[in-house]
Amino acid sequence: DGHFDVEAFYIPRIGLVSDIDAEGVDVLHAGHHGRKTSTSMEFADRLLPNDGKSRNFMMGVSEAHTLSPYQIVLDTVFDNNRLRNGYAWTTRVADGGATAAKLINAAGGHVIIRTADHGARYYMQAIKGDGTVVSTKRYDSVRACP
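The structure displayed is predicted, hence computed values, not measured ones.

Conventions adopted
- Residues numbered from 1 in each chain as written.
- Predicted model: local features only at pLDDT ≥ 70, side-chain atom pairs only at ≥ 80, totals over all residues.
- Heavy atoms only, no water.
- Core = buried A, V, L, I, M, F, W, Y, C linked by side-chain atoms within 4.5 Å.
- Buried < 20%, exposed > 50% of the residue type's maximum accessible area, 1.4 Å probe, protein only.
- Helix = DSSP H or I, 4+ residues; strand = E, 2+ residues; numbered from the N terminus.
- Contact = heavy atoms within 4.5 Å.
- Pairing = 2+ DSSP bridges.
- Axes fitted to C-alpha atoms, helices over the stretch in contact; angles between N-to-C directions.

### Examining the nonpolar core
Okay, so step 1: Counting 19 residues, the largest nonpolar core has L28, L47, L48, F57, M59, L74 and A88 as the members making the most contacts within it.
Okay, so step 2: Listed by contribution, the elements that provide at least two residues to this core are α3 (41–47), β2 (56–59) and α4 (71–78).
Okay, so step 3: Leaving out residues up to four positions away in the same chain, M59 has contacts with A30, G34, P69, L74, A88, W89, T90, T91 and L103.
Okay, so step 4: Counting residues in each nonpolar core, the second largest holds nine residues, with V111, M124, A126 and Y139 among its members.

This is the structure:
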């Protein structure tokens, strides 16, 4: 289809340029606003391994990103209960964008990540543009700092 698969390029190189190992990450921020060219199954498998640990996925979506998030992206991150007790978080669901039971929508507001206990835990929070808190959740890190 003429586009360069950036994720496929980076998958085998992630360990060469970072300390990310087989444990993956706690939170993956989607590239390209959760559109169909972001977050392939291979990329999710590498960074959000389906190992029974809770993880989260987030997307920054503006009004201009119609159809975001795409259903294929949500299907990928929710595949086989990949996030366990985690959620997908988005700053908004744009016109025509997909929704899901485990998608937390900040409705044009913000998604905030705050670490605690020297990185052993973190909080995810969605806040609407008017300051109303949509959801706050606490997680243990899969890669706690020493």
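That covers the picture; the talk isn't over yet.
### Things to note about the sheet that holds strand β5 (residues 110–116)
Okay, so step 1: Ordered in space as β5-β6-β7, the three strands form an open sheet in which the pairing is antiparallel. Each having just a single partner strand, β5 and β7 (133–140) make up the two edges of the open sheet. Adjacent strand axes in the sheet meet at a mean angle of 15 degrees when their direction is disregarded.
Okay, so step 2: The pairing of β5 with strand β6 (residues 121–127) spans seven bridges and is classified as antiparallel. What sits directly across from R114, in β6, is Y123.

### Describing the environment of L16
Okay, so step 1: Its location among the elements puts L16 in helix α2 (residues 14–17).
Okay, so step 2: Sequence spacing of L16 and I127 is 111 residues, and the spatial spacing of their C-alpha atoms is 36 Å.

### Side note on the environment of P69
Okay, so step 1: Assignment of secondary structure puts P69 in the loop between β2 and α4.
Okay, so step 2: The exposure class assigned to P69 is buried, which follows from its relative accessible area of 0%.
Okay, so step 3: In sequence terms P69 and G34 are 35 residues apart; their C-alpha atoms lie 4.7 Å from each other.
Okay, so step 4: Sequence-distant contacts of P69, that is, excluding residues within four places in its chain, are made with G34, M59, L74, R92, V93, G97, A98 and L103.

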